[in-house]
Amino acid sequence: MHRVDIGIVSYRSPEKLQQAVDSIVKHTEQDFRLLIFHNPSDDDAAVRDVLASFSSRIELIDVPTNVGYAGGVNGLLAASTAEYFLYCDNDVEVRTPGWDRLLCRVLEENPECAMVFPGPGHYSFHNGRYRECLWSAGYCWALRRSALTALAATDVRHRLAEDPALPGRWPLDVRIGHHEEVDLMTRWRLAGFLIGCHPEVDVFHHETSSRSPESAK
């Protein structure tokens, strides 16, 4: 068992945010700290009410402008201090008791695995110890923060990051605009790591942003 940090990037969808937080609190078994990075919008009142109702359970990271998914994840990782960091979109529903423990176990028992996803992943296969996958959607995942040191060195060597210490730009590349986690998974491999998945962990994604007009554009 570990102490873990769990992070959510918040943007609109107050009802789904409520459901996401409730499902995380209900099904997380390890000692955890819940961080919410809030991206503001022009229709924030209902979300603010939900965030205020969480005041005793969360640490809120408030920013003046919307920095998107990638910028929000980078902000969460910058604020995280635990070895294992678990990320969730604001519209997920965790359905597996001990989901955090199951994902962290893959990372703990396999030091070459830097990042692990719930579900079967894409093009996954069993490597004899756990399931690897080519990639998976970025609505929920866990990573080992100590692996970021090796990633930074590789990014600089391959000229993939101007400066890994630059606030708000790393480890997700905010210039891409979509599927930044797929880019990250490719860079993990360049740094010598593998990507895992755990088919027994069920985290349902309500896909609020994926089906929005902004994402379509």
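Details of the structure are given in the entry above.
Residues numbered from 1 in each chain as written. Predicted model: local features only at pLDDT ≥ 70, side-chain atom pairs only at ≥ 80, totals over all residues. Heavy atoms only, no water.

(A) Region of interest: the nonpolar core. One finds Ile-8, Leu-17, Ile-36, Leu-86 and Trp-99 to be the most contacted residues of the largest nonpolar core, which totals 32 residues. Here this core gets 6 residues from one element, more than from any other, and that element is helix α4 (residues 99-109). Excluding its chain neighbours within four sequence positions, the residues that come into contact with Trp-99 are Ile-6, Ile-24, His-27, Thr-28, Leu-86, Cys-88, Val-94, Cys-140, Val-201 and Val-203. (Core = buried A, V, L, I, M, F, W, Y, C linked by side-chain atoms within 4.5 Å. Buried < 20%, exposed > 50% of the residue type's maximum accessible area, 1.4 Å probe, protein only. Helix = DSSP H or I, 4+ residues; strand = E, 2+ residues; numbered from the N terminus. Contact = heavy atoms within 4.5 Å.)

(B) Quick peek at the sheet that holds strand β1 (residues 3-10). Spatial ordering of the open sheet is given by β3-β2-β1-β4-β9-β6-β10-β8-β7, a layout of 9 strands whose pairing is mixed. Either end of the sheet is taken by a strand with one partner, and the two such strands are β3 (58-62) and β7 (125-126). Pairing analysis gives 6 bridges linking β1 to strand β4 (residues 84-89), with the strands arranged parallel. Note on β4: the bridge partner recorded for Ile-6 is Leu-86. (Pairing = 2+ DSSP bridges.)

(C) Summary view of helix α3 (residues 68-79). Between its first and last C-alpha, α3 extends 17 Å over 12 residues, near the 16 Å set by a 1.5 Å rise per residue. All of the buried residues in α3 are Ala-70, Gly-71, Gly-72, Val-73, Asn-74, Gly-75, Leu-76 and Leu-77. Buried positions along α3 lie against β1, β2 (31-38), β3, β4, β9 (140-144) and α6 (180-190). (Expected span 1.5 Å × (residues − 1).)

(D) Spatial organisation of the side chain of Asp-91. As for its placement among the helices and strands, Asp-91 is situated in the loop between β4 and β5 (92-94). Nearest to the buried, unbridged Asp-91 among oppositely charged side chains is Lys-16, at 5.4 Å. At a separation of 3.4 Å, a polar atom in the side chain of Asp-91 contacts the main-chain amide nitrogen of Glu-207. (Lys, Arg positive; Asp, Glu negative; His and termini not counted. Salt bridge = Lys/Arg side-chain N within 4 Å of Asp/Glu carboxyl O. Polar contact = N/O pair within 3.5 Å; in protein donor to acceptor, adjacent residues only side chain to side chain.)

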